Amino acid sequence: MPTLMNRQIRLKSRPTGLPTLDNFQFVEVPLPPLEAGQVLVSSRFISVDPYMRGRMSERKSYVPPYALNEPIAGGVVAEVVETKSPNFAVGDIVLCGYGWQTHAVVHEDQIRKINPSLAPISTALGVLGMPGLTAYFGLLDIGRPAQGETVVVSGAAGAVGMIVGQIAKIKGARVVGIAGSDAKVNYLTQELGFDAVINYKTSPDLNRAVAKACPAGVDVYFDNVGGSISDAVLAHLNDGARIPICGQIALYNLEQADVGPRVQSQLLIHRALMKGFIVGDYSARFGEGISQLAKWVQDGQLKFKETIVHGFDNTVNAFLGLFSGENLGKQLVQV
Ligand SMILES: NC(=O)c1ccc[n+]([C@@H]2O[C@H](COP(=O)([O-])OP(=O)(O)OC[C@H]3O[C@@H](n4cnc5c(N)ncnc54)[C@H](OP(=O)(O)O)[C@@H]3O)[C@@H](O)[C@H]2O)c1
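Fair warning: this is a prediction, and the values are worked out from it, not measured in the lab.

Chemist: How do you make sense of the site of the ligand when you look at a structure like this?
Modeler: Contacts to the ligand come from 27 residues, most closely from K184, Y200, Y252, V279 and N327. Backbone polar atom of F277 to a nitrogen atom of the ligand: 2.9 Å apart, as the coordinates give it. Burial of the ligand by the protein chains amounts to 92% of its free accessible area of 910 Å². Listed by contribution, the elements that provide at least two residues to the shell around the ligand are α2 (130-143) and α3 (159-170). By residue class, the composition of the shell around the ligand is 17 nonpolar, nine polar and one charged. Viewed by domain, the shell around the ligand spans two of them, domain 1 (5-126 + 305-334) and domain 2 (130-280), each represented by three or more residues.

Chemist: Looking at this structure, how should I read the layout of surface pockets?
Modeler: A water-sized probe, rolled over the atoms, reveals where empty space remains. When its volume is computed, the second largest pocket comes out at roughly 260 Å³. By residue class, the composition of the lining of the second largest pocket is seven nonpolar, five polar and three charged.

Chemist: Explain α3 here, please?
Modeler: Within an α-helix, residues lying three or four positions from one another point in the same direction, as the helix has 3.6 residues per turn. Its 12 residues place the ends of α3 17 Å apart at the C-alpha level, agreeing with the 16 Å of an ideal helix rising 1.5 Å per residue. With 10 of its 12 residues buried, α3 lies for the most part within the structure. Taken residue by residue, α3 has A159, V160, G161, M162, I163, V164, G165, Q166, I167 and A168 as its buried positions. Looking one or two residues beyond α3, the residue adopting positive phi is G172, at roughly 85°.

Chemist: Explain the nonpolar core here, please?
Modeler: The tendency in soluble globular proteins is for nonpolar side chains to be buried side by side. Ranked by internal contacts, the top residues of the largest apolar core, which has 40 residues, are L139, L188, F194 and L293. Counting residues per element, the ones that place at least two in this core are α2, β8 (150-154), α3, β9 (174-179), α4 (182-191), β11 (218-222) and α8 (286-299). Not counting residues within four places of it along the chain, the set of residues in contact with L293 comprises V127, L128, G132, L133, Y136, I163, I167 and L302. The next biggest cluster of nonpolar side chains, apart from the first, holds 29 residues, and it includes M56, W100, A104 and V333.

Chemist: What exactly am I supposed to notice about the packing of aromatic side chains here?
Modeler: Each aromatic ring pair is specified by the distance between its two centres and by the angle formed by the two planes. Following the criterion strictly, the structure yields 10 aromatic pairs and no others. Between the aromatic rings of F277 and Y282, the centroid separation amounts to 6.4 Å while the plane-to-plane angle is 70°, which identifies the pairing as edge-to-face. Under the relative-accessibility criterion, Y282 is labelled buried at 9%. Seen in terms of ring centroids, F319 and F323 are 5.4 Å apart; in terms of plane orientation they differ by 80°. Their pairing is edge-to-face. With relative accessibility at 0%, the residue F319 sits in the buried group. Feature note: the residues Y136, F137, F222, F277, Y282, F286 and W296 constitute an aromatic cluster, connected by ring pairs. Directly above the aromatic system of F88 lies the positively charged group of K113, at a separation of 5.3 Å from the ring centroid.

Chemist: Hey, could you run me through the environment of G280 in this one?
Modeler: Counting through the fold element by element, G280 comes out in the loop between β13 (273-276) and α8. The class for G280 is partly exposed, based on a relative accessible area of 39%. Sequence separation of G280 and P50 is 230 residues, and the distance between their C-alpha atoms is 16 Å.

Chemist: Quick question: what am I supposed to make of the pairing of β11 here?
Modeler: With respect to burial, β11 is a largely interior element, five of its five residues being buried. Strand direction decides the pairing type here: β8 and β11, joined by three bridges, are parallel. Counterpart to V152 in the pairing with β11 is Y221. As judged from the two bridges shared by β11 and strand β12 (residues 237-245), these two strands associate in the parallel manner. Looking at the pairing, V220 lines up with R242 of β12. In terms of handedness, the path from β11 via helix α6 (residues 227-234) over to β12 forms a crossover that is right-handed.

Parameters and conventions
Residues numbered from 1 in each chain as written. Predicted model: local features only at pLDDT ≥ 70, side-chain atom pairs only at ≥ 80, totals over all residues. Heavy atoms only, no water. Near = heavy atom within 4 Å. Polar contact = N/O pair within 3.5 Å; in protein donor to acceptor, adjacent residues only side chain to side chain. Areas by Shrake-Rupley, 256 points an atom, 1.4 Å probe, with all protein chains shown as cover. Helix = DSSP H or I, 4+ residues; strand = E, 2+ residues; numbered from the N terminus. Nonpolar A, V, L, I, M, F, W, Y, C, P; charged D, E, K, R; others polar. Domains from an automatic or database assignment. 1 Å grid on protein atoms, 1.4 Å probe; cavity = no way out; pocket = protein on both sides within 12 Å on 5 of 7 lines; lining within 4 Å. Points joined across faces, edges and corners; volume = space filled by probe spheres on them. Expected span 1.5 Å × (residues − 1). Buried < 20%, exposed > 50% of the residue type's maximum accessible area, 1.4 Å probe, protein only. Core = buried A, V, L, I, M, F, W, Y, C linked by side-chain atoms within 4.5 Å. Contact = heavy atoms within 4.5 Å. Phe/Tyr/Trp six-rings, centres within 6.5 Å; stacked < 30°, edge-to-face > 60°. Lys NZ or Arg CZ within 6 Å of the ring centre and 35° of its normal. Pairing = 2+ DSSP bridges. Right-handed = clockwise from strand over helix to strand, strands pointing away.

Keep in mind these values describe shape, not function.
Structure (structure tokens):
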């Protein structure tokens, strides 16, 4: 039998500012033969995520940087094509973490079976996967929105933000999104029932736009982006506000530290809570999160949206598109 080849995208050099295609290298390597307890999988959907930008730098973070000349690790939904594990059959759909590769030989302990009857398999990388869980725990555990409160979410039309807004609606909050195009504004208001959405790219005065969209102030600010968008929202906190810090994508490509308004006075005056979190902090409760998210999806209370780029060769471009807002909902690559 001819040796099966695997295509990989490796980090060739560490980006300065916004990454470019030159920072990556496509290579083809033979796959090793299967050993006991291993399966050979073929990638169906590959995830591209903003956090990957952080791992491309050498800066110390909550996960180690990617090594140079190694494939970019990340979430993948794959199909088992050959097996030496009694627990996995050919045709099983599994969630893996080997990242930007067309195939992989993985040990059975490193993968989890996905139930294709629950929802489309791609959702294991979106609403029923890491982004959905991020929204669920960050909003409910830290944001704790109450009926009638105002919840503001930045990055509102992305994988996490769109789920945050909908869960906040389920909890009876008034939801204000911030997103980067009129098409996104229309989708969030018309399809998902957000109460107001600000297009931060066309609003001449973000501070005034937030004041207008939040006449009763801000009780919860779910921060996906940081930077000047967050400065504008934090100027409108109510007493007892909660601010889950989920992401700071507006800063990921900066080479110099960003200096904004110092927020401590606002937090003090309003007895507000600002707390950073990483979804993995909640791993012991992932089962609870996935079953609640799946129930909402099945009930029709939680809609999901995916932007799918076709072809493994387009993976890097799909990733780069996250920084210019090409995606509506979860950005995926169909291999
Ligand atoms: N804490 C955790 O465990 C955790 C887990 C998952 C994700 N995150 C973070 O959560 C955030 C959202 O992640 P996601 O996977 O849902 O990505 P996403 O929102 O689906 O995609 C990124 C979006 O960010 C917006 N964006 C890009 N550059 C921006 C800028 N300079 N200023 C404002 N908005 C910008 C773009 O939308 P626009 O068109 O609106 O600009 C883009 O569509 C990221 O910061 C990510 O790092 C954290």
